[in-house]
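Survey of secondary and tertiary structure
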Amino acid sequence: MRPLNDPQGRTFPYLRLSLTDLCNFSCNYCLPDGCEEHHHKQSLDLSEIKRLVTAFSAVGVEKIRLTGGEPTLRSDFNDIVSTIKSIPGIQKIAMTTNGYKMDQRVDSWLDAGVDQVNVSIDSLDPRAFEAITGHDRLQEIMAGIEKAFAKGLPSIKVNAVLMKGVNDIQLGVFLDWIKHQPITMRFIELMQTGDNGSFFNQYHVPGQQIRDQLLEQGWVRMTRKKDAGPAYEYCHPDYQGRIGLITPYSRDFCKDCNRLRVSSQGQLQLCLFSESGHDLRRLLQDDSQQDELIQEIRSVLRLKVDGHFLDQGYTGGTQNLAQIGG
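The structure contained in this document is the topic of the report that follows. (Residues numbered from 1 in each chain as written. Predicted model: local features only at pLDDT ≥ 70, side-chain atom pairs only at ≥ 80, totals over all residues. Heavy atoms only, no water.)

**Things to note about the overall build of the protein chain**
When helices and strands are counted, the protein chain shows nine helices and 12 strands. Against the 2.2 N^0.38 benchmark of 20 Å for 326 residues, the protein chain shows a C-alpha radius of gyration of 19 Å, consistent with a compact globule. Projected onto its principal axes, the C-alpha coordinates of the protein chain cover approximately 55 × 45 × 40 Å. Taking contacts inside the protein chain between residues at least 6 apart in sequence as the whole, the part at least 24 apart equals 72%. Of the roughly 14,200 Å² of accessible surface on the protein chain, 46% is carried by carbon and sulfur atoms. The protein chain carries 36 positive and 41 negative side-chain charges, and their two centres are separated by 5 Å. (Helix = DSSP H or I, 4+ residues; strand = E, 2+ residues; numbered from the N terminus. Rg over C-alpha atoms; globule rule 2.2 N^0.38 Å. Contact = heavy atoms within 4.5 Å. Areas by Shrake-Rupley, 256 points an atom, 1.4 Å probe, with all protein chains shown as cover. Lys, Arg positive; Asp, Glu negative; His and termini not counted. Charge placed at Lys NZ, Arg CZ, Asp CG, Glu CD.)

Laid out in structure tokens, this is it:
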């Protein structure tokens, strides 16, 4: 079966699947007042998820990233992982987590079949971490990372949202941390959403500033893999770890787009900043709907445009990044 293509000729081996829009952290750039509105109980169930991923696998998707909200708030998270792992064609299951109780749970995630873990750590200073997230949990996350390595996970990606005067000035601290560990430290430009306009104006800093510092220190940009996410990664001969930069405000950011998103309620979103999604849930109720589901996915892909309009202040229907996992 031919792979998915959009009108620009881009192919899509990578699906980001939100398991819930509920999050238990209150990060100042996303949910400063906590998760006041969510549809956790209306999330896709296990059978719907299996049908969804089976269809995407049939049209060339090889990598699934499980996101939230916080995906591990699903009581059936490990069952979801093992079910997806059994679907022919799926080669990699990744997850993005805030690290809640990671020290207690990471072994079970890996046993279920998770191949890659991305965990958010916006600061290595415990006080700053608590101020950003609303939780004093940095040490349990660090312990979770150590447990993952002990379990045999070859590498871990750590996400940090860049904020002016908060963590953009801590590059040296992060570099020291990854010097002798197989950690890819990914800095993500703060993105404007419907709810964070004033915060964005105060704290946004271009990722180019980090890039320039890296290049001055001898870091070299690496070639991006086919199923890689949006980050450009940099390596250095003196460091075991790597640096990744996600810069959605940079020119041509969208030209290499290779990923689609499905919300926790079964809405296919062609872009993180789409105005709305396209309902697939009605076609997830029976195995006999697979052909119709695949045709619907192909049809929706014809509507994908060549880029977002973030640089013009357009945020679409995305009120906060917890809605569909960033």
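**What to know about the nonpolar core**
Residues F56, L66, I121, I145, W177 and F187 are the most contacted members of the largest nonpolar core, which totals 90 residues. With six residues, helix 5 (residues 138–151) is the largest single contributor of residues to this core. Ranked by size, the runner-up nonpolar core spans five residues in total, among them M191, A231, I246 and L272. (Core = buried A, V, L, I, M, F, W, Y, C linked by side-chain atoms within 4.5 Å. Buried < 20%, exposed > 50% of the residue type's maximum accessible area, 1.4 Å probe, protein only.)

**Quick look at the side chain of T83**
Relative to the helices and strands, T83 is located in helix 2 (residues 77–85). Within the local environment of T83, its side chain forms a polar contact with the backbone oxygen of D79, the two atoms lying 2.8 Å apart. Here T83 is in contact with L46 and K50, once residues within four sequence places are set aside. (Polar contact = N/O pair within 3.5 Å; in protein donor to acceptor, adjacent residues only side chain to side chain.)

**Points about the pairing of strand 8 (residues 232–235)**
In this structure, strand 7 (residues 220–221) lies alongside strand 8, joined through two bridges in antiparallel fashion. Within strand 8, the position partnered with V220 by the bridge is C235. Here strand 8 runs beside strand 9 (residues 242–246); their pairing, made up of three bridges, is antiparallel. Bridging from a neighbouring strand, Y234 pairs with I243 of strand 9. (Pairing = 2+ DSSP bridges.)

**A look at a negative patch on the surface**
Where like charges cluster on the molecular surface, the negative patch consists of D33, E36, E37 and D195. With respect to the secondary-structure elements, D33 resides in the loop between strand 1 (14–18) and helix 1 (46–58). For D33, a relative accessible area of 61% corresponds to the exposed category. (Patch = residues over 30% accessible without salt bridge, like charges linked within 9 Å, V, L, I, M, F, W, Y side chains within 5 Å. Salt bridge = Lys/Arg side-chain N within 4 Å of Asp/Glu carboxyl O.)

**Quick look at the packing of aromatic side chains**
Summed over the entire model, instances satisfying the criterion amount to four aromatic pairs. Seen in terms of ring centroids, F174 and F187 are 5.4 Å apart; in terms of plane orientation they differ by 80°. Their pairing is edge-to-face. Taken as a pair, F174 in helix 6 (residues 171–178) and F187 in strand 6 (residues 183–189) lie far apart in primary sequence, 13 residues in all. With relative accessibility at 0%, the residue F174 sits in the buried group. (Phe/Tyr/Trp six-rings, centres within 6.5 Å; stacked < 30°, edge-to-face > 60°.)

**Observations regarding the packing of helix 1 against helix 2**
Taken N-terminus to C-terminus, the directions of helix 1 and helix 2 make an angle of 30°; their axes are 10 Å apart at the nearest point. By the angle between their directions, the pair helix 1 and helix 2 is classed as roughly parallel. Crossing of helix 1 against helix 2: the hand is right-handed. Contact residues: L46, I49, K50 and V53 in helix 1; D79, I80, T83 and I84 in helix 2. A breakdown of the residues in the contact of helix 1 with helix 2 according to their chemical character gives five nonpolar, one polar and two charged. (Axes fitted to C-alpha atoms, helices over the stretch in contact; angles between N-to-C directions. Parallel < 35°, antiparallel > 145°, perpendicular 65-115°, else oblique. Left-handed = near helix turned anticlockwise from the far one by under 90°. Nonpolar A, V, L, I, M, F, W, Y, C, P; charged D, E, K, R; others polar.)

**Structural notes on the sheet that holds strand 11 (residues 267–269)**
Overall, mixed pairing links the 12 strands, which are arranged 7-8-9-6-5-4-3-2-1-10-11-12 in an open sheet. Looking at the sheet topology across the chains shown, the edges are occupied by strand 7 and strand 12 (278–279). In this sheet, strand 2 (residues 63–67) lies alongside strand 1 in parallel orientation, the contact comprising five bridges. Looking at strand 2, one finds that L17 is bridged to L66. Sheet strands in contact with helix 8 (residues 208–216) are strand 5 (156–162), strand 6, strand 8 and strand 9, and its direction is about 150° off that of strand 9.

**Observations regarding helix 1**
The end-to-end C-alpha separation of helix 1 is 18 Å, in line with the 18 Å expected for 13 residues at 1.5 Å each. Those residues of helix 1 that fall on the buried side of the exposure criterion are E48, I49, R51, L52, V53, A55, F56 and S57. Where helix 1 is buried, its residues meet strand 1, strand 2, helix 2, strand 10 (259–262), strand 11 and helix 9 (290–301). Looking one or two residues past helix 1, G60 carries a phi angle of roughly 105°, positive in sign. (Expected span 1.5 Å × (residues − 1).)

**Describing the pattern of salt bridges**
Following the criterion strictly, the structure yields 12 salt bridges and no others. Of the charged contacts in the structure, one is a salt bridge between E48 and R281, with a shortest N-O distance of 3.1 Å. Pair noted here: E48 is in helix 1 and R281 is in the loop between strand 12 and helix 9, with a separation of 233 residues, a long-range link. By relative accessible area, which is 5% here, E48 ends up buried. By relative accessible area, which is 22% here, R281 ends up partly exposed. Among the salt bridges present, the one from D111 reaches K151, with a minimum N-O distance of 2.8 Å. With D111 in helix 3 (residues 102–112) and K151 in helix 5, this residue pair connects regions lying 40 residues apart in the sequence. Salt bridges linked by common partners bring K157, E233 and R242 together as one network.

Don't take any of this as a statement about function, it's just geometry.
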